[in-house]
Amino acid sequence: MKKFLSKAIPKLYGFYFNILAVIAPKKAAQLALDVFSIPRKGFITSQQQEFLNTARQQRVAYEDGLVMLYHWQGNGPTILLPHGWESNSARWRYLIEPLQKKDYNIIAIDAPAHGKTTGKFFNAIKYSRVIRSIIELYEPKVVIAHSVGAMATVLQESETPHDFINKIILLGSPDELEVIMKGYQQVVGFNKRVWNLLDQLLKEKFGYHIAEFKTSSFATKIQTPVLLIHDTKDLIVPYESMDNIATGFTNSTVYTSKTGGHSLHTPEVIEQVLKFLEKS
């Protein structure tokens, strides 16, 4: 019964969007965007909180709420860690501990509507603005970002380059919003009319049609050395995304991980990250 309900409920949303698109097209588009933008996960567990309590915690105002920051103080260069969709800052534990041994100054952030950052809705553009505000506040030398956090990092850096950032590491980054949206369409089952309305709304609200929103396109404006890591067994973001994104950068290194799937929580990945950080 649970399996049936988990499959049926998204289809009911799609059916409703399709009907609403005929009688109230703008409302249908906004509702489809809202449903897409609400994370179902990303809340902090008690075990994760125990780790996060080892950091100094601070809330910083952003456009419509408060973003939670976690700071592990060190004497070395500052590293900023933006996580991905339906996650939170605790996902970086596997990497934070090795970075602490190297005495890096580490800052992790909870994305909007994730962890302890306020808000109900999340999207890569909103996240990119949050990341930019934290970058300009703390001036990190390095940004290491995962999944949609990587996409948002590249977007903001393409729009507002920061000369003090000398390295960027992208883990399991998606390339095309269109691929993500088609997955959403398939799960929910809305029709072409709703797709076109949603596409028009995104252009009006954020300045991009769905097909225009590509990490690989944003990458063309970035000169900073970049390391891209992806696993061929990533079930969330296609491996081909890494190759597409790499072609956009003028100075990129790619590494195909044999472990870690989409999360990339493995010693192999840590080793590659540390090597890239130590590279002159």
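Residues numbered from 1 in each chain as written. Predicted model: local features only at pLDDT ≥ 70, side-chain atom pairs only at ≥ 80, totals over all residues. Heavy atoms only, no water.

As named in an unreviewed UniProt entry, the protein is Hydrolase, taken from Nonlabens tegetincola.

Enquirer: Break down the domain arrangement of the protein for me, with residues and values.
Expert: Interface extent is often summarised as the accessible area lost during association of the parts. Taken domain by domain, the protein consists of domain 1 (1–37 + 177–211) and domain 2 (42–176 + 214–278). The straight-line distance from the C-alpha centre of domain 1 to that of domain 2 is 28 Å. With ten residues of domain 1 at the interface, the matching set in domain 2 holds 14 residues. For the pairing of domain 1 and domain 2, the buried interface totals around 1,000 Å² over both sides, and the portion due to carbon and sulfur atoms is 62%. Of all residues in domain 1, Ser37, Phe206 and Tyr208 give up the largest surface area on contact with domain 2, accounting jointly for 50% of the area buried on that side. If you look at where domain 1 meets domain 2, you find zero salt bridges. Remark: the boundary between domain 1 and domain 2 carries four residue pairs in polar contact (both at pLDDT 80 or more). Contributions of two or more residues to the side of domain 1 that touches domain 2 are made by α2 (25–37) and α7 (177–188). Looking at which element gives the most residues to the side of domain 1 that touches domain 2, the answer is α7, with four residues. (Domains from an automatic or database assignment. Contact = heavy atoms within 4.5 Å. Buried area = accessible area lost by both parts, 1.4 Å probe. Salt bridge = Lys/Arg side-chain N within 4 Å of Asp/Glu carboxyl O. Polar contact = N/O pair within 3.5 Å; in protein donor to acceptor, adjacent residues only side chain to side chain. Helix = DSSP H or I, 4+ residues; strand = E, 2+ residues; numbered from the N terminus.)

Enquirer: A description of helix α11 (residues 267–278) should follow, citing residues and the corresponding values.
Expert: The first and last C-alpha atoms of α11 sit 16 Å apart over twelve residues, in line with the 16 Å expected at 1.5 Å per residue. Buried within α11 we find Glu268, Val269, Ile270, Gln272, Val273, Leu274, Phe276 and Leu277. Lining the buried residues of α11 we find β3 (78–82), α4 (93–101), β5 (142–146), β6 (167–171), β7 (226–231) and β8 (252–257). (Expected span 1.5 Å × (residues − 1). Buried < 20%, exposed > 50% of the residue type's maximum accessible area, 1.4 Å probe, protein only.)

Enquirer: Please provide a residue-by-residue account of the pairing of strand β1 (residues 56–62), values included.
Expert: Judged from the seven bridges that link them, β1 and strand β2 (residues 65–72) form a sheet pairing that is antiparallel. Each bridged residue has a counterpart across the sheet, and for glutamine 58 the counterpart in β2 is leucine 69. The hairpin formed by β1 and β2 contains two residues between the paired strands. (Pairing = 2+ DSSP bridges.)

Enquirer: Before we move on, could you go through the pattern of salt bridges and cite the residues and values that matter?
Expert: Under the counting rule described, the total for this entry stands at eight salt bridges. Close ionic contact of glutamate 63 with arginine 129 constitutes a salt bridge, the shortest N to O distance being 2.8 Å. With glutamate 63 in the loop between β1 and β2 and arginine 129 in helix α5 (residues 124–138), this pair connects stretches of sequence that are 66 residues apart. According to the relative accessible area criterion, arginine 129 is partly exposed, its value standing at 35%.

Enquirer: Describe the UniProt feature "domain: Peptidase S33 tripeptidyl aminopeptidase-like C-terminal" (unreviewed entry) in the protein, naming the residues involved and giving the relevant values.
Expert: In the numbering used here, UniProt assigns the "domain: Peptidase S33 tripeptidyl aminopeptidase-like C-terminal" (unreviewed entry) feature to residues 222–265. For residues 222–265, helix accounts for 20% and strand for 27%, while the C-alpha atoms at its two ends are 27 Å apart. (UniProt positions renumbered as here; feature names shortened; annotations may be inferred.)

Enquirer: Give a detailed account of the nonpolar core, specifying residues and quantitative values.
Expert: Leu80, Ile109, Leu170, Phe190, Phe213, Leu228 and Phe249 are the most contacted members of the largest nonpolar core, which has 60 residues in total. Both domains that meet at this core, namely domain 1 (1–37 + 177–211) and domain 2 (42–176 + 214–278), each give it at least three residues. The residues touching leucine 228, leaving out its near neighbours within four places in the chain, are Leu170, Met242, Ile245, Ala246, Phe249, Ser252, Thr253, Val254 and Tyr255. Membership of the second largest hydrophobic core comes to 31 residues, among which are Phe51, Leu81, Ala108 and Ile229. (Core = buried A, V, L, I, M, F, W, Y, C linked by side-chain atoms within 4.5 Å.)

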